[in-house]
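Residue-level structure breakdown
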Amino acid sequence: MDSIVEHNSGTAGGVSSAQNDLHVAVKGNSMIRHNNAEVGGVFSAQSISISADGNCSISQNSAISSGGVAVADEMVVQMADQSRLTENSAAFGGVFYAGGNLTVEIRGSSSFQNNHASICGGAVYFNGTLSAEEQGTAIVYIHGDTAAASDVEDATVTFQGNTAGDKGGVICAQGGSRTTAVALHSLSISSSTAGEGGALYLDGAREINILECTFDSNSAETSGGVMYLGASDDTSPPIVNVHNSTLLASSAGESGGGLYLNIGPTIEASVNIVSSYFYSNSAIAGFGGGVYIAGGAETQIMNSIFESNVVVDGGGAAIAMLDGQNMLNLNGVLFQYNVAPTGAGAYLDSGNAGGTSSLSIANTSMEGNIVRCGGIAITVVGEVDMYIAADVSFNTK
């Protein structure tokens, strides 16, 4: 039976709250809308499981503080068919606020659209501190499985038009204790905006895995048009994996039109970009139209394309690595039609960190890139050990 649940209000959970566990099933063409609370506009509990399927709609719910739809320490959400979460809002987590583990499994053509957080996490805000201290590793896992929805024509899982006033237009994860793992799989994230991290703002994450995702037309006022990663704790260096993904037409007002990784000079992070496509991303007043890494990192880029990325006032239209002892290994990479004042392909500067960085290039082509000031396709500042294999070609204007 289809239901309509609307115009309810409360302090914690506008519709329902529980001290311990709360299980919710939303079926068919049911609608949950226009509910509000101080925390958890619809649901509030210590642990929440939500299943939504059919053509159900959860829309225009709000919380003054956290979780426009739901707030909990532990949360599991399963969405199927054409479930929709639209125009929900809160200060933190326009849709969901999780204090511990968060798992979202999405099938079919389910979507998060036009949700808003006035501060952080337009769709999802995650604070892993509780789980990290009391239960070990905290996890954010959001997985879209379109192959499981063969009965839905052109099935796709979308996050579209989600926004945050400060950080993370779609997801803001602030674990703080370097034990948070974030995994995103088979998602389409587009037209999200925030001050930092147009789509994703991840602070204190130990491991980030992005697999088979598409990011389109996301933007940040300052840094990280698609993702901002903040890492200041060197006890557990972060690992960033981007595989089989596309980042296109995203922009940052300062640096990192695609990815902005603020790692710190002594952390020695691991960054792996494999079989991915960076197209037409831009950094306006900084560095790294495609990727910006500030601090020490060992970066492997394999079988990937950086095309038509732009830096207006800085360097490294495709990738820029600054302020750390960096290792950049390129293998099977195509840089073409990127534009920057200097270093249209790559820009490396160890800055005040001192020491020697390293650059290794094999089976790589740099074609049709445009450099306005100097440095040809690659600009290096400071001491760098460089190895260029015989199968590398340069053709830069």
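Residues numbered from 1 in each chain as written. Predicted model: local features only at pLDDT ≥ 70, side-chain atom pairs only at ≥ 80, totals over all residues. Heavy atoms only, no water.

A word on the overall build of the protein chain
What counts is decided by this rule: For the purposes of this entry, the term helix denotes a DSSP run of H or I that reaches at least four residues, the term strand denotes a run of E that reaches at least two, and both are numbered from the N terminus. For each residue, the accessible area found with a 1.4 Å probe, counting protein chains only, is set against the maximum for its type, and the residue is called buried under 20%, exposed over 50%, and partly exposed in between. Contact between two residues is taken to exist if any of their heavy atoms lie within 4.5 Å; hydrogens are not considered. Note that accessible areas follow from Shrake-Rupley with a 1.4 Å probe, and for residues the cover is restricted to the protein chains shown.
Scanning the protein chain from terminus to terminus reveals 1 helix and 50 strands. Counting the 397 residues in the protein chain, one finds 56% classified as buried. Restricting the contact set of the protein chain to residue pairs at least 6 apart, pairs at least 24 apart contribute 86%. Approximately 14,300 Å² of the protein chain is accessible, and the part contributed by carbon and sulfur atoms is 46%.

Side note on the nonpolar core
Just so we agree on the cut-off: Grouping buried Ala, Val, Leu, Ile, Met, Phe, Trp, Tyr and Cys residues that are joined through side-chain atoms within 4.5 Å yields what is termed a nonpolar core.
Ranked by size, the top nonpolar core spans 80 residues in total, and within it Phe 96 and Met 227 carry the most contacts. If one sorts the elements of this core by residue count, strand 35 (residues 259-274) sits on top with 6 residues. Setting aside anything within four residues of it in sequence, one finds Phe 96 in contact with Ile 50, Gly 67, Val 69, Ala 70, Met 75, Val 77, Leu 85, Phe 112, Ala 123, Val 124 and Tyr 125.

Focus on the packing of aromatic side chains
Selection criterion: Paired rings are identified among Phe, Tyr and Trp, the last through its six-membered ring, by centres lying within 6.5 Å, and are further divided according to the angle between planes into stacked (under 30 degrees), edge-to-face (over 60) and tilted (the rest).
This structure, assessed with the given rule, holds 11 aromatic pairs. Relative to Phe 335, the ring of Phe 306 lies with its centre 5.4 Å away and its plane at 15°, an arrangement referred to as stacked. Residue Phe 306 is found in strand 39 (residues 305-307), and its partner Phe 335 is found in strand 43 (residues 334-336); the two are separated by 29 residues along the sequence. Ring-pair connections join several aromatic residues into one group, and the members of that group are Tyr 201, Tyr 228, Tyr 260 and Tyr 292.

Quick word on empty space enclosed by the protein
A water-sized probe rolled over the atoms picks out the places where empty space is left. Rules: The rule is simple: put a 1 Å grid over the protein atoms alone, call a set of points where a 1.4 Å probe fits but cannot get out a cavity, call an open set with protein on both sides within 12 Å along at least five of seven lines a pocket, and count a residue as lining if it has an atom within 4 Å of a point. Grid points are joined across faces, edges and corners, and a volume is the space filled by probe spheres set on the points. Throughout this entry, Asp, Glu, Lys and Arg are counted as charged residues, while Ala, Val, Leu, Ile, Met, Phe, Trp, Tyr, Cys and Pro are counted as nonpolar. The remaining residues, Gly among them, count as polar.
Applying the stated criterion to the full structure yields 1 cavity of 30 Å³ or more. By volume, the largest cavity amounts to about 40 Å³. Lining the largest cavity are Ile 50, Ala 52, Ile 58, Val 77, Met 79, Leu 85 and Phe 96. Contributing elements (two or more residues each) for the lining of the largest cavity: strand 8 (47-52) and strand 12 (74-79). A per-class count over the lining of the largest cavity returns 7 nonpolar, no polar and no charged.

Considerations on the environment of Thr 364
Where we set the bar: Here a polar contact is taken to be a pair of N or O atoms separated by no more than 3.5 Å, where protein atoms must pair a possible hydrogen donor with a possible acceptor and residues adjacent in sequence count only if both atoms sit in side chains.
Mapped onto the elements of the fold, Thr 364 is located in the loop between strand 46 (357-362) and strand 47 (365-374). Given a relative accessible area of 2%, Thr 364 falls into the buried group. Separated by 29 residues in sequence, Thr 364 and Phe 335 have C-alpha atoms that sit 8.0 Å apart. A polar contact is formed between the side chain of Thr 364 and the backbone nitrogen of Val 333, at a distance of 3.4 Å.

Some thoughts on unusual backbone geometry
Phi at Asp 81 takes a positive value of approximately 60°, unusual for a residue other than glycine. The residue Asp 81 is located in the loop between strand 12 and strand 13 (84-86) in this model. The residue Tyr 337 is not glycine, and still its phi comes out positive at about 60°. Positionally, Tyr 337 belongs in the loop between strand 43 and strand 44 (339-342).

Brief notes about the pattern of salt bridges
Keep this limit in mind: Any carboxyl oxygen of Asp or Glu that lies within 4 Å of a side-chain nitrogen of Lys or Arg is treated as forming a salt bridge with it.
Within the structure shown, the criterion is met by 3 salt bridges. Between Glu 6 and Arg 33 there is a salt bridge whose closest N-O contact spans 2.8 Å. Note that Glu 6 is positioned in strand 1 (residues 4-6) and Arg 33 in strand 5 (residues 31-33), a separation of 27 residues in sequence. We classify Glu 6 as partly exposed; its relative accessible area is 29%. Residue classification places Arg 33 among the partly exposed positions, given a relative accessible area of 25%.

A few points about the confidence of the model for the protein chain
As a reminder, the rule being used: pLDDT runs from 0 to 100 and stands for how confident the predictor is about each residue.
Of all residues in the protein chain, 85% attain a pLDDT of 70 or more, and the chain-wide mean is 86. Note on residues 130-137: pLDDT under 50 across the span, and 18 contacts to partners over four residues away in sequence or across chains. Scored below 50 in pLDDT, residues 146-155 shows 11 contacts in the model against residues more than four places distant or in partner chains.

With respect to the side chain of Asn 35
Mapped onto the fold, Asn 35 is located in the loop between strand 5 and strand 6 (36-39). Within the structure, Asn 35 has its side chain in polar contact with the backbone oxygen of Val 5 (distance 3.2 Å). Among the polar contacts made by the side chain of Asn 35, one reaches the main-chain amide nitrogen of His 7 at a distance of 3.3 Å. The residues touching Asn 35, leaving out its near neighbours within four places in the chain, are Val 5, Glu 6, His 7, Asn 8, Val 15, Gly 41, Val 42, Gln 60, Asn 61 and Ser 62.

Re the pairing of strand 27 (residues 200-203)
How we decide: Two strands are counted as paired when DSSP detects at least two bridges linking them.
In terms of strand pairing, strand 23 (residues 171-174) meets strand 27 through 4 bridges, oriented parallel. The residue bridging Gln 174 from the neighbouring strand is Asp 203, located in strand 27. Relative to strand 31 (residues 227-230), strand 27 is paired through 4 bridges, and the arrangement is parallel. Counted as the bridge partner of Tyr 201 is Tyr 228 from strand 31.

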